[in-house]
Structures are given as C-alpha cells and as structure tokens.
Amino acid sequence: MKAAKFDYVLAESIEQAVAALAAGNGDAIIIAGGQSLMPMLAMRLATPATVVDINNIAQLSGIEAIGGEVVIKACTRQATALASPLVQMRLPLLAKAISHVGHQQTRNRGTVGGSLSHADPASEIPLAALAMDARVSLRSVAGTREVALADFFLGPMMTARADNEILLKVHFPEEPDGPDGSRMGTAFHEVSERHGDFAVVAAAAQIQLDANGRCIKAALALGGVNGVPRRIPALEARLRGTRIDPDAVRAVLPEIADAITPGDDQHASAAYRRRVAGVLAERALLEAVAEAAP
Amino acid sequence: MTAATGDAGNAGAMGRNLHYVAQKRRVREDRRFVTGTGKFVQDVTLPDTRHAAVLPSPYPRARILSVDTAAAEALDGVHMVLTGQQMAADCNPIRLGLKLPEVKWYPLAVDMTRYAGEWVAIVVADTAYIAEDALALIQVEYEPLAPVIDPEQAFAETDLLVHPGHGSNVLYHGHFLWGDVDGDFAAADDSLSFRARWGRSSTVPIETFGALARWDAGTEILDIWASIQMPNFVELLASTLGYPLNNIRLHQDVDVGGSYGVKRGIKQSVLVAYLARKLRMPVRLIEDRLVNMAGGDAHGPDRIFDTDVAFTNDGIIKSLKIRALDDAGAYPGRAPFQLAKPISAIVGPYTINSVKYEAISVATNKTGQVPVRGFGQAPTNYMIEMAVDAVARHLDLDRLEVRRRNLIPSDAFPYRIPSGSDYDSGDYHTVLQKGLDLARYDELLQRRDKARAEGRLAGIGIATCLEPGGGNNIFEYLMDPTAEITTFMEACEVKVDPQGRITGMMGTTTSGQGHETLFATILGEELEFDPDEIRIVHADSLSALPTRSPVASRMAIMLGGAATGAAGKIKDRAMAIAAFNLDRPAADLEYSGGTISDRNDPSRKLTWAEICFIAYRAYHKLPPGMEPGFHAQFVFQVPGGGQLPDARNRVQIYPCFSFQAHIPYVEIDPGTGKVSVLDYAIAHDCGTVINPDIVRGMVIGGLAHGIGAALYEKFAYDGEGQFLSASFADYLMPSVHEIPDVKDVEHCTPSPLTSHGQKGSGEGGYLGAPAAIASAVNDALHPLGLTILELPMRMHKIEALINDGSG
Amino acid sequence: MSQREINLSINGKTYAAAVEPRLSLLDFLRDHAGLTGTHVGCEHGVCGACSILFDGVPIRSCLMLAVQADGHAITTVEGLCNEDGAPGPLQDAFQEAHGLQCGYCTPGMLISAQALLAGNSDPSIAEIKDAIGGNLCRCTGYVQIIEAIQLAASRLREAGQ
C-alpha cells in the first residue's frame, strides 16, 4: 500500500491552486485533509499525475457569519468546525453531523470541503449540508460559480465540481429562531456497526416551527440509501403547514419509499436500508420537532 | 472498572507461601513497548535490505496462462521478479498437517489460482514503493473458472474441485463414537436438533505478518527474523526449501505484534529466504493490510454445526450427535486439526454421557485457514452453549437451572469425559455463582424485565465454558493414525553467572502474553530472588532447546513447568556444592535466598557468591565428578501426554481445564437491529494466577475479541468468490466504544498437574464470549419467539429477523 | 518526479531530508528518521497505530505525506519519554496498569492519551473512550488502557496540587 509517483504542488494561493489544476489537464487532484484521498493513493485507486496541496492557503480556512449566512471555508478542519461556537449556535445540525464523523485524529485533519468534494454517499457532512440548503463556491481559472448542494452530488464520489475547479467555501443559510417566536429544531441519526464508521443509513432533519407550533419549514435528508444523499421533498411538503406529532410523521413516512433506491452490500441489504431509512427518519423528525417545540 | 475481587487467583495452593507468584507486579516487557523501543520485525534493519511486494490474483479460480515480468524487471530499482513456476521449481510444497499428497501448496500460485488474493508473483526492489510500481507492470493472462465457495456445495461437489488431483474437496471426514449414543437417545425423554453457524473470522493482529531474511554465504546460514508464532516453523522452512535444519537460524528476540495463533507466515518466509539467498541481499516482506487480509492465509474456522441433543424432562443432557463441517479454504495447513482439538472437551463442563462426532473439513476457493485462538474450541463451545440454551427453551426451564443440573460437580474431579480426557480440577458451581454475584444477577433480571416493559429488547447471556490448556499433539493421531506424535514439550535453560546473576533462556518468540515476566516470576519464586533482577532472553532457533511455541494456552503450564524444573536443578547443584564444602549431608541443609546453611548450626553456611565462585573458579572445591559452571536445562513433557488413544479413540489430549462463567447484558434496537453490549461480568478460574495483570488482560482481551466474533467480524465473500473484507473499513474489529465496562473476578482451583497449580488463560475469554453474547441476543429475541444461530450476528440480520421474518 | 527538501522538528530535534512527494509521513518517520516507535497497522486510516502529534494535535501519520510536514512540529512516542529515555509519566502509568500486551497499538494509544490529558487532567470514561475511539487494540479489550489513562490523570492531578 504505497502510492504511485506523482508531482506535488504546494499552492500558496487560490490562484496558484487553480493554475495547477488547469495545468494538470484533468490529471491533477487536490489534497486537503487527505483523510479519504490518502487511502485511495495508498491503494492506488487514485493515481494522479499531480497532487495539489491547498493546506497552506490561508484564505481557505475560517468560519464567518456574512449577511445571513455562515460561510465555512473549504479547508477548515472538521475539528475546528465542531468546536466553533458559530457552528454550534447557528448550524446545530452540522455540529451534530460532524460529531459522528470518524475520530478525533481524522477530524483534526479532515476538512469540511474535502468531505463534500469526496461525496461518499454515506458520509455525514454532505447529508447535513444538503438538509441545510447549503451552496458551494467553486473556482477555476475561468472564474467562480456557486452550486446548490441539491445540484452538487451526481453519484457516489461524483460531484458537479469539474476537475479544474477548487471548492472554495460552503455557504450555510442561517436560519435562527425568528423574532416572531419561530424556532428551529435539528436532529441527526445514523446507524453504523461501530461508533465512528461511515453510516450504513443516516437521517438529518431540520424543522422550523412557528410560535404556535406549526411547521414553517421542513427538511429531511437521508444517506446510505442512494448513490447520493437524498432530500425527500414530497415528505417535506406534506409536513409544512401542519402540526407535527408522531401520527403525522408516521403518515408521511411512506413518501420516502419512492425517493430512494438503496443497494445491497455486505453490510446491509437494500431492504434493510429501506426499512431503517424510515426508522431513522421518524426518529430524526420527532427529535427535531421536539427541539423546536415552543 | 471493578478490580478483581475475591480470591486473587492465589494458590495459597500447594500449601506454599508465595512471594512473587500471584502478586501484583509490573510486567517487565511493558517498559520497552511504552517507550517505543520494542523490536518488531519491521524495526529490524540490516544494511542493503531490499523490499518485496506481492501480486494478488484478482480471480478466486483461474488458470494462469502466462506471466510476463519483462517490464517489471526492467524498472529501475527492481532486482527480481519471481513467479510461481520459478519458485515451485526450486522448492518443495509446504508440508500440510494431514497427509494430502495431491494438495500442493506453494508460496506462489502455480498454473492455477485457488482464491481471490492468492499471490501470483513477488517483486524485490530497492524500496517498497518501487516494488509496488513494478507489480503494476506484470502482465498475467488468466482464464477465469467457476469457483466453489459454499462449503456444503464443496462437500458434495464432484466437478468443481479446488485441487483436482486430490479427487474431491473433502480434506478430512471422520466419525467418532464415545459411549452408547443410540441407547442414550432411545432412553432420553426428549431430543431436539439445531444448526448453528460460526462465521469466518480470525484474530487479525494489528501487526501484519512480516519476515526478513539474510543468507550468509560465508557461514552458509540463513538468518531469518519473522513475526512468527508457530511450532515447527524452522522445520517447515527447511523442508520446503530443502535446507538442512541447522542452516537456518530464526531470531526469536523479535517482538510479535499480536498473534493469538495466526502468525504462521510460512509461505512468506520461504519466499524471503529463497530471494535473499538468490540475490545475496537481505530481503524483507512486510504484508500490507490488504495483502494480509486477502492473501496472508490467516483466516479462521468457518463452521456449520448440525447437532442433536438428547435430554430428560428435567433438562439433564444425556447425549450429543454433532456434525461439524468446516471450510478450510484453499490450502489447509493445520486447519483440519481444529476439528480434533475440541475432542479434548467435547462435552464442555457438563456431565454428558455419550457423544457421536462427525468432523468434515472441505476445501473451497477462499483464503486458507490457520489455527486461531483456541484451535477450534471457540466454535465448539458456542455450539455446546447453544445446545444448553435450546434445551432450556424447549423445556421452558431456566437456563441457569439447566446448567446447574448439568455442570460437573466439584467432588467429581478428576472427571473422565466420554472421549477420554480427565478434567484435572474444577469448581464450576462456585465459579458460576461468583459470576452471578458479580453481575448482581437478580438486579440484572429486574433491569432486563424493566427494559422489556418499556418496549425494548433486552437480554442476559449465560455461558459456562472450558478452556483446555497445555497442548498435546495427539489430536493429530486421531485424524491420522500414521502420525504417532506423542511428545509435546517445552524447555528452558537457566544460567547463574559468576556474579551470581540469573538468566533464563526461553526458546520462542512472545507476542504479548508476558512470557518473560512469567518465566522470571517462577524462577524468582523457586530460587528466592527478585524477579526484576533476573534476565530473560529468547534463544535463536539454533541455540534454543526444544519448544512447541506459545500455542494451546500452554506457556504458564509448560514454560512454568520447565522453569520450575530447571530452577530445581540449579538448587540441587548448589546443594551438592554446599554439602561437599560444609561436609554435611544435603538433608541437613536448607536453602534460603541463595544461601545454604546447616539447619542445626546456621553459622555453618555457604553464600550464593561463594557457591558461584566454586562453580566457576574453584574446581578443587567442586564435588568430584561435577562439571564446572552453573546452569541447568529442563525439558518438560506435557502432563498426562505421551499416550496413544485406546481402541475406542479415547485419549487424554490437553491436561488442564480452566473454566469461565460469562454473563453479559445486551439491548437491541428493534428498529435497526443494532446490539449494544451494556454490561459484562466474567468469573474465571485458571488455577493459580502467575501474574494477575497479565491474566486479567488476556481474559478481558479475549472476551473483547469474542464480542467481535459474535457481532461484527466476518471475512465475507460474494457469490462469485470475490473477497469483500480486505480493509479495516470492511472487517470490523471492536473499538473501545463496542466493549462494555467489564467486571471480572478470579477463582482459584489449582491444577494438581502443574508446578504452581496454574492452568491456561490466553484463550478463555475468547472461548466463551461468542457463546455468551449469542445467548444474550437470543434471550433478548425470546419474547418475539425468535432465535439467531449464526455468527456474526450483524445488525442487518437481526433487524431482518425482527421486521421481515427472515435472517 | 523530483525529490523535495523538507525541514521539520520531531520530538524537539530538527530533521532535514529530501523525499519523494509520495512518501507517507509514517514511512518517513520510520524509514528516514529512524523512529520506529510509530507503527504501521493498516495504512488506510482506521487502526490508529501510526498516531502522532502534529503541531500538538493527534493525527494519523499514514494519512499525510511527508512533504506536508515541512515546517511543522511532530511528537512521536519516543518524544513522550524522559530525557534519559526512561518512561515518561503517561508511559509509566501504562506500565503500572499493564495497559497493553503485545505493544503494537501502544504508541498510538499513548499519543491519543497524551493529547487528551494535555487539555483535561480529569477526563470522564466517556471522554477517554472518545479520545482512544480511533485506536484499535486487539489484545486488551481496552479496559486496562482506560485504567492506565485514569491512573495517569490522577497522578497528574496529584502533581498539580
């Protein structure tokens, strides 16, 4: 398990990084935290000509609140995000998701942007970010564009980011408790054989209730049930405007069935994933509602 | 973390006042490990060492049509590329346990691959990186063939043969009958049948296997350093390479990073030895994780039991009929013998009257099996405990009560079981009660019932299991009557130097069991010196005395016995010197901390320093005829060993039988099937505990390993024979989060057969935990009327049982 | 594919080397710096045997390139010893409590425990489990490792009083 040869570019700026990607002509790959890339290199599942290291680019690290958004720059470590008061206060679903990611050693190195770019269908940060209606900024030599996460994940380990693009930052809409008495509740549930493993199935829920306890906004995202993390819009639509109680949640769960296409593998059958998706969705929704309840 | 309570395993045994044995003392090996100065094989560096990497087959069964190594050989930094055909031309097949002449096992596949991951070629290069670069340049043309994966199919198969020359996939098929099984079944009130399946898992040490070899053309000695734990390793190496045995020197001062049975890298070592000699350069092969899991030939038992149990309406089990079908993978090694060792304790700790045992080992297109912790006893214990639980369920009796009615009573020892073993000693009822007390069993029942009342699935496991210890090769004879091997020894040498300092020399490597501490403790106890001042070294294989290596829960028994014997010889020698110089009969002398004095006149004495001086320097003061110097050797034969089976295949196999009672508490999430082990109590009796920290560590560590086998760990294959568990992301070993707070208690029923009353302890936790966890899970499922008799009990299987009516 | 110069501090000592970019930090530590206390377990980031402190925080050295350590400070298990090479306080507690058997996972365990105790001299069992949750041990079942860390913590607290 030793990596094949590659050229190494230590980018000191975003411009240098995108220039190196452009020069790589599709055969250059970015290393951020490396927690997924390094095993792929060691197993020679990835054999890029060039590895572009973005860890030294100061502009790619940090968390800020800007104009109703919390922006997490791509190379921000998962551990930094988890410990950030801004994340804990304003992006509680993300904080809950990150607490399930790997172990302290991997979170100390792994990055928020790297997790999104890697796009493992069972990983937690993409799932939470999708539930939170986040967007990513992508930059190439041609310029910068933004992509909603709903359009970002294309398949297992496949995203809308082109080979010559770098993920700059993630924009999380801030949805704080409203002055009108509305409140946000979140929950993240996953099941894995061992603590810290990739989820077999995961559910992220974010629910906003008005002062009277009526649902203003509902988001449910499921992981491990498709090649990409999935939102369940039909379920969300049926919850909006209602008072959510256990019966109401149970009534809408059948909407999940048509939205997911889980597969079989050695760790779980498709049937397992289907049933457990419903179980975790129910738990996550109820917990989020309970947290949001006035 | 409750510290051990009750008897701290102290023999008080043998009526002796112990100074070092059974005392809380530091483990001497730990110092080098905590400081990062242990010497594992990867840490051994020789000048100009070259690095090897192996090419795995992508197919479980394929003809190798051609191997083109030209591009790989042309790569800068590559020294050699060796193929299976080239290797086979220069070596003998690796000797198997059973005599199966047409099952030819070579270090690299020759003409045909027999499992996905089997090694097809090996590259030697300046660095491991370059060696792997070269692997990518080897062109192999394969003709894929349909594999045989399912062991039942393999058993019945006549066309798809793993080794066509052998004529079938059956490596071994034997029938044993001990006692009047038919009569007992006919007389019993009732009977039941079940199938239980033990999944393919192993010990999977965190260190993979590695070996480093150097051929010295001047001395014509092959030096080898390897993370090895195998009896007869050097003999196997010599026979495969065709070398004289005394041309090979295995360095046994290498620390082994965990083994628990599996570190037996014979093909790996043959390869580096051959390449080192060929290239006249030191060559090392360190398996990487993927290579180790897929191609290291280190999988464990994979077993299907079909069992019939005859019993009375009171739950007294009278007889067992057991059929065990084991999947040995492509190359059996010593794997089939893992069906024979359990004959040593085939009725577990119970008074079962008769047993019929059909044992079958088959080859499939899977990675080869090696001996794993307990040598087949863990699956057997699992099956026996499932039988006891099944009887209790069937009769609607309490599982504890059924055990109490069947456990061998404490006044029945030594107790002969139908297959011929005498159990040396035991107090099973007391140990079980200690376990129940430790678990606070009544409160645990309330906790379970409360959880159930709240709608959760909760269960308590009970398993009472034996750990045969000491080893005895005679199980080979049971399977192969041409193998008249009745010797199973361990030896050591003890030297007292001119300064009076003591050095003990053992003949094997060690892999975490604390043998140096064990050895020093017993020497210290016997010679009355502080064990911390006794040096322990590992002889290389040319200077070592005979050994069977640390297998079979045997080192406390066997190295302990050898150390006691050698210490006795040292004392005898000192006594003889003193008797001669003090002019007193030895009977009048007494030994105390090295000084020998006249009982009647303590002022007449010889100090240890004086004795050493005489031994080394004062020939004129040596008793006539005594050789100068001060050392002793002792070769200890396993107690009770040395006999062939009688006409009915009854024989004493292992000498000592440790006992454990496991009581875990689990809850199952009915929505996801996930099992959480929330509590665990174990009561353990291995006779005298030499070092409490070591025994406790191995008991709890074995138990954690058993939780892995019960719930998580599986070498999985798909229907096409592709291996799915090569990485640690797919082969799931328990982390600290999966292991509960373990409460443990020791009880001490000394063995009458050993130097200090000790028995084996390295396997016991693992031998009982899978059964205990399975018992707990089935107890949790009981209110739903469900049972699961398949390991590992992965969450998706349990969930499907609960929510889909299928496993 | 030229080699790159790197300069880094390991256990307070400066190292300079020219390395291939593909060289893992783990292989650099063992094969180039000669610090074999850090162990190779899986090389894909699961077992934790290769854990080191990187600028004071625990990471897996198999999941970094050596070139990425240029200009950084690393502590390995050897760096936890006293100056004379004798076991440091945490190492001594592991020995006292026999928080190990074969010693292979031990350096990684020590690194994780060191990082924990650096910021918390009174960790709960849950905190200890979280700290070593990414370090697999096959020998001990973890119980004596937890006890060793608790012992080290209690000694730390006593020393601090």
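Given the structure is predicted, the values throughout are model-derived calculations rather than measurements.

**Student:** Tell me about the domain arrangement of chain B, residues and numbers included.
**Tutor:** A common way to state how big an interface is: give the accessible area lost once the parts meet. Residue and element names in this part refer to chain B. Each assigned domain of chain B is listed here: domain 1 (41-147 + 203-295), domain 2 (398-469 + 654-807) and domain 3 (489-547 + 555-637). When each unit is reduced to the centre of its C-alpha atoms, the spacing between domain 1 and domain 3 is 41 Å. Opposite the 17 residues of domain 1 that make contact, domain 3 presents 12 residues. Summing the contributions of domain 1 and of domain 3, the shared interface buries around 1,000 Å²; its carbon and sulfur component is 53%. At the junction of domain 1 and domain 3, the tally comes to zero salt bridges. For the pair domain 1 and domain 3, the interface holds five residue pairs in polar contact (both at pLDDT 80 or more).

**Student:** Describe the confidence of the model for chain B, listing the residues and the values that go with them.
**Tutor:** For chain B, per-residue confidence averages 96 on the pLDDT scale, and residues scoring 70 or more make up 98% of the total. Under a pLDDT of 50 for its full length, residues 1-12 of chain B has, in the predicted model, 38 contacts with residues more than four places off or in other chains.

**Student:** Before we move on, can you summarise the interface of chain B and chain C with the specific residues and values?
**Tutor:** Opposite the 54 residues of chain B that make contact, chain C presents 53 residues. Approximately 4,500 Å² of surface area, both sides summed, lies buried where chain B meets chain C, with 56% of it carried by carbon and sulfur atoms. Where chain B meets chain C, there are seven salt bridges. Here Lys24 of chain B ties to Glu96 of chain C by a salt bridge, and the two come within 4.0 Å at their closest N and O atoms. Summed over the shared surface of chain B and chain C, the result is 26 residue pairs in polar contact (both at pLDDT 80 or more). Among the secondary structure elements, those contributing two or more residues to the side of chain B that touches chain C are helix H1 (30-34), helix H4 (128-135) and helix H18 (692-711) of chain B. Per-element tally for the side of chain B that touches chain C: the top contributor is H18 of chain B, with 10 residues. Residues that form the side of chain B that touches chain C fall into these classes: 24 nonpolar, 17 polar and 13 charged.

**Student:** Describe in detail the packing of aromatic side chains, supporting the description with residues and values.
**Tutor:** Residues and elements named next belong to chain B. The full count for this structure, using the stated rule, is 25 aromatic pairs over all chains. Here Phe375 and Phe475 contribute two aromatic rings whose centre-to-centre distance is 5.2 Å and whose plane-to-plane angle is 45°, an arrangement assigned as tilted. In this pair, Phe375 is assigned in the loop between strand E15 (354-362) and helix H10 (377-395) and Phe475 in helix H14 (residues 474-479), connecting sequence segments 100 residues apart. The same class applies to Phe375 and to Phe475, which are both buried. For the ring pair Phe634 and Phe636, a centre distance of 6.4 Å and an interplane angle of 40° mean the geometry is tilted. Since its relative accessible area comes to 24%, Phe634 is described here as partly exposed. An aromatic cluster of at least three residues, connected via ring pairs, comprises Phe529, Tyr591, Trp608 and Phe630. Directly above the aromatic system of Trp215 lies the positively charged group of Arg277, at a separation of 3.9 Å from the ring centroid.

Parameters and conventions
- Residues numbered from 1 in each chain as written.
- Chains lettered and ligands numbered in written order.
- Predicted model: local features only at pLDDT ≥ 70, side-chain atom pairs only at ≥ 80, totals over all residues.
- Heavy atoms only, no water.
- Domains from an automatic or database assignment.
- Contact = heavy atoms within 4.5 Å.
- Buried area = accessible area lost by both parts, 1.4 Å probe.
- Salt bridge = Lys/Arg side-chain N within 4 Å of Asp/Glu carboxyl O.
- Polar contact = N/O pair within 3.5 Å; in protein donor to acceptor, adjacent residues only side chain to side chain.
- pLDDT = per-residue confidence, 0-100.
- Helix = DSSP H or I, 4+ residues; strand = E, 2+ residues; numbered from the N terminus.
- Nonpolar A, V, L, I, M, F, W, Y, C, P; charged D, E, K, R; others polar.
- Phe/Tyr/Trp six-rings, centres within 6.5 Å; stacked < 30°, edge-to-face > 60°.
- Buried < 20%, exposed > 50% of the residue type's maximum accessible area, 1.4 Å probe, protein only.
- Lys NZ or Arg CZ within 6 Å of the ring centre and 35° of its normal.

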